[in-house]
There are 2 protein chains.
Amino acid sequence: MKFGTLGHALLGLLAARPQSGYELTRSFDVSLGNVWTAKHSQIYPELAKLEAAGLVQPAGTGARGSKSYAITRAGRAQLVRWLSETPPAAQDLRDEGMLRVFFLWLVAPDDAAAYLRDQRARYLAQLARYRAIKVQAAALPPGGEGPDAEALRWSLIALEAGIRLEKALAGWSTWALSELAAAPDPPAPKRPPRRR
Amino acid sequence: MKFGTLGHALLGLLAARPQSGYELTRSFDVSLGNVWTAKHSQIYPELAKLEAAGLVQPAGTGARGSKSYAITRAGRAQLVRWLSETPPAAQDLRDEGMLRVFFLWLVAPDDAAAYLRDQRARYLAQLARYRAIKVQAAALPPGGEGPDAEALRWSLIALEAGIRLEKALAGWSTWALSELAAAPDPPAPKRPPRRR
DNA sequence: GCCTCCATGTAATTGGTTACATGATTCT
DNA sequence: AGAATCATGTAACCAATTACATGGAGGC
């Protein structure tokens, strides 16, 4: 059996501690969701596939019929192999927000500016969310030794990437707005003489 | 009929000038490919769908049996509506490279560092590619008035976003490496006394 | 003649989302 | 009693990639 990114992401989450499908789903809703998404309808079947391949195993049941899984030795080996031996798949960035920028020449400059301002607001909102998480994490007890503590450490490193990315995008949108103001093109600004 | 991002991307490309499926495919291989990807096997059927919906129409044939399409008035209207009325779909960033960072605690610090250096090299390579395009574009004749010139202008604005993003990621990887060096954790550094 | 690039298409498969379905527990 | 949340699963559909298939034109 062959496993893609989702399978390995599940192995990675289970490497920290045994978890149920529901808990895994929530991970994709929050932290991990910023780099990879998955719905429960994809997770449950994938867990079954992983179990069939011997990479995870049932690890008891909890309240309300929850079933938690644990990673097996083979699963951990597979995960480490994936991390260290296979190169990250060429990322297919699908950024619809940035795609639209390519087509902004089709709308009035005012509409284009409005779009850029909207996008900037999104970037800043996401930046604020990230920063709140960072502050919250900094307030945690500094101790902790288990896998969870190590996992947290790396998730904060990834968080820093998110912060820097959103900052860069917010800065870019401000720059783009100034560019647009400098040469609105179709409707020439009244005063400054156009020079090309 | 309903069209998603791909359909609108095709409309956007055809709004600049009539093009064949092959030419459109190449656009996704180069500039547009950095924000959205599509293979010819997806593009040809989508063009047929767009034609059936009256948003594009055949615009003559070229050499080797190439068939070019032009956007219709309805297509342009639909595109502008999409741009100005519908909000960008919540981006599902799928960044496998960053996902792996969440799981780097599973490998030896040396391997984690090697991964970060590899990623940094990728970011810098992409940054160099973007900058080369920018330089190349700056050397172009500054004139030009048609839709193509306007489209170029906005593609350079999008390019600037790419440049800033890669710069941010390269900076992040350098920072992450220094973080890792500061506290390699599992194998404690010999000299500095560990304090937690 | 053969290889490469141009050019268009279809088929099969995978990955992912939306919708459907069900039941237990907790909160109000 | 009713609503919200926890919890697991399946079915149908859509989007996207990979593989299959064909042919014309130009260069070596």
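Computed from a predicted structure; not experimentally measured. (Residues numbered from 1 in each chain as written. Chains lettered and ligands numbered in written order. Predicted model: local features only at pLDDT ≥ 70, side-chain atom pairs only at ≥ 80, totals over all residues. Heavy atoms only, no water.)

(A) Structural view of unusual backbone geometry. Of note in the backbone geometry, A:Arg64 takes a positive phi value of approximately 50° without being a glycine. Considering the arrangement of structural elements, one finds A:Arg64 in the loop between β2 (56-61) and β3 (67-71). (Helix = DSSP H or I, 4+ residues; strand = E, 2+ residues; numbered from the N terminus.)

(B) Here's a closer look at the packing of aromatic side chains. Applying the stated rule across the entire model yields 0 aromatic pairs over all chains. A:Arg94 extends its terminal NZ or CZ atom over the ring of B:Trp36, reaching a point 5.0 Å from the ring centre. (Phe/Tyr/Trp six-rings, centres within 6.5 Å; stacked < 30°, edge-to-face > 60°. Lys NZ or Arg CZ within 6 Å of the ring centre and 35° of its normal.)

(C) Examining helix α3 (residues 40-52) of chain B more closely. Residues and elements named next belong to chain B. Taking 1.5 Å per residue, 13 residues should reach 18 Å; α3 reaches 18 Å between its end C-alpha atoms and fits that length. Buried-residue contacts for α3 involve α1 (5-16), α2 (21-29), β2 (56-61) and β3 (67-71). One or two residues past the end of α3 sits Gly54, with phi positive at roughly 75°. (Expected span 1.5 Å × (residues − 1). Contact = heavy atoms within 4.5 Å.)

(D) Region of interest: the domain arrangement of chain A. Residue and element names in this part refer to chain A. By domain assignment, chain A separates into domain 1 (5-85) and domain 2 (96-182). The distance between the C-alpha centroids of domain 1 and domain 2 comes to 28 Å. Listed by partner, the interface residues are 4 residues for domain 1 and 4 residues for domain 2. Between domain 1 and domain 2, roughly 310 Å² of surface is buried when both sides are summed, and carbon and sulfur atoms account for 45% of that area. (Domains from an automatic or database assignment. Buried area = accessible area lost by both parts, 1.4 Å probe.)

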